[in-house]
Amino acid sequence: FKLSNSGEAVVSTQSTGGESMNAMTDFRTALEADPTYSLAYFNAANLYFNLRLFEKALRYYDEAVKNCTEDESAVLNRAIARVMLRDYVGAMEDFHTAISLNPFAAHSYFNRGNLHLTLGNNAEAEEDFRKALSLQPKDSASFTQLAVALGRQFRKDEALENYRKSIKLAEG
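Keep in mind that what you see is a predicted model, and the values were worked out from it rather than measured. (Residues numbered from 1 in each chain as written. Predicted model: local features only at pLDDT ≥ 70, side-chain atom pairs only at ≥ 80, totals over all residues. Heavy atoms only, no water.)

Undergrad: Outline the overall build of the chain, supporting the account with residue identities and numerical values.
TA: If you tally the helices and strands in the chain, you get nine helices and zero strands. Listing each helix as α and each strand as β along the chain from the N terminus yields α-α-α-α-α-α-α-α-α. Counting over 172 residues, the chain shows a buried share of 45%. Nonlocal contacts in the chain, meaning residues at least 24 apart in sequence, comprise 51% of its contacts between residues at least 6 apart. Counting only carbon and sulfur atoms, one obtains 52% of the accessible surface of the chain, whose full area is about 9,200 Å². (Helix = DSSP H or I, 4+ residues; strand = E, 2+ residues; numbered from the N terminus. Buried < 20%, exposed > 50% of the residue type's maximum accessible area, 1.4 Å probe, protein only. Contact = heavy atoms within 4.5 Å. Areas by Shrake-Rupley, 256 points an atom, 1.4 Å probe, with all protein chains shown as cover.)

Undergrad: So, the packing of helix α4 (residues 72-84) against helix α5 (residues 88-101): which residues are in play, and what are the values?
TA: At their nearest, the axes of α4 and α5 sit 8 Å apart, and the two run at 160° to each other. Taken together, α4 and α5 sit at an angle that is classed as roughly antiparallel. As for how α4 packs across α5, the hand of that crossing is left-handed. Contacts between α4 and α5 involve Glu72, Val75, Leu76, Arg78, Ala79, Ile80, Arg82 and Val83 from the former and Tyr88, Gly90, Ala91, Asp94, Phe95, Thr97, Ala98 and Leu101 from the latter. Across the contact of α4 with α5, the residue classes tally to ten nonpolar, two polar and four charged. (Axes fitted to C-alpha atoms, helices over the stretch in contact; angles between N-to-C directions. Parallel < 35°, antiparallel > 145°, perpendicular 65-115°, else oblique. Left-handed = near helix turned anticlockwise from the far one by under 90°. Nonpolar A, V, L, I, M, F, W, Y, C, P; charged D, E, K, R; others polar.)

Undergrad: Could you give me a rundown of the nonpolar core, with the residues and numbers involved?
TA: Among the nonpolar cores identified, the biggest contains 30 residues, and Met24, Phe27, Phe49, Tyr60, Tyr61, Phe95 and Leu115 are the most heavily contacted of them. Counting only elements with at least two residues in this core, the list comes to α1 (17-33), α2 (38-50), α3 (54-67), α4 and α5. For this core, the element with the highest residue contribution is α2, accounting for eight residues. Among residues more than four places away in sequence, those in contact with Phe95 are Leu76, Ala79, Ile80, Val83, Ser108, Asn111, Arg112 and Leu115. Judged by nonpolar contacts, the second largest core, of 15 residues, contains Leu117, Ala147, Ala149 and Ala159. (Core = buried A, V, L, I, M, F, W, Y, C linked by side-chain atoms within 4.5 Å.)

Undergrad: Can you break down the packing of α2 against α3 residue by residue, with the values?
TA: Two packed helices can be described by the angle between their axes and the distance between those axes. Where α2 contacts α3, the axes come no closer than 8 Å and their chain directions differ by 160°. With respect to α3, the element α2 is oriented roughly antiparallel. Handedness of the crossing formed by α2 with α3: left-handed. Facing Ser38, Tyr41, Phe42, Ala44, Ala45, Asn46, Tyr48 and Phe49 of α2, the residues of α3 in contact are Phe54, Lys56, Ala57, Tyr60, Tyr61, Glu63, Ala64 and Asn67. Grouping the constituent residues of the contact of α2 with α3 by class yields eleven nonpolar, three polar and two charged.

Below, the structure written as structure tokens:
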């Protein structure tokens, strides 16, 4: 799964334990000053997510969304955290919400398509990957996942064509 590219400050996945603790202290300080500061919740959630502490991440994403219901990135990242916790119903709801907030975000369709693959909803996955590709036509990963969805529907020739497109894009 990909995290969204929101353009907001996102904690590096390369953080050491000490850097992570310092960052969390900064987020807590910001939240003490303003308990409705959505971006601090969002960044704290990303930190917990990157540390693979998905339950804690989910709690912080919940607060980020509560304080800014229009934040597509927080809703999308919460959906991904829910997938990691195997809350597929909640994740699907969040993917739908993220797409309704920003129907032009290819990564939302890509991630929902991956959940559809996980659930065996191959036709729905195909639809999402095709939509992602209509928005971002040079995404090698979307071609690969589209090929998986097509292959699971026994559409071998189409699957091979999309694998080839993926490889060609990946090679540059």
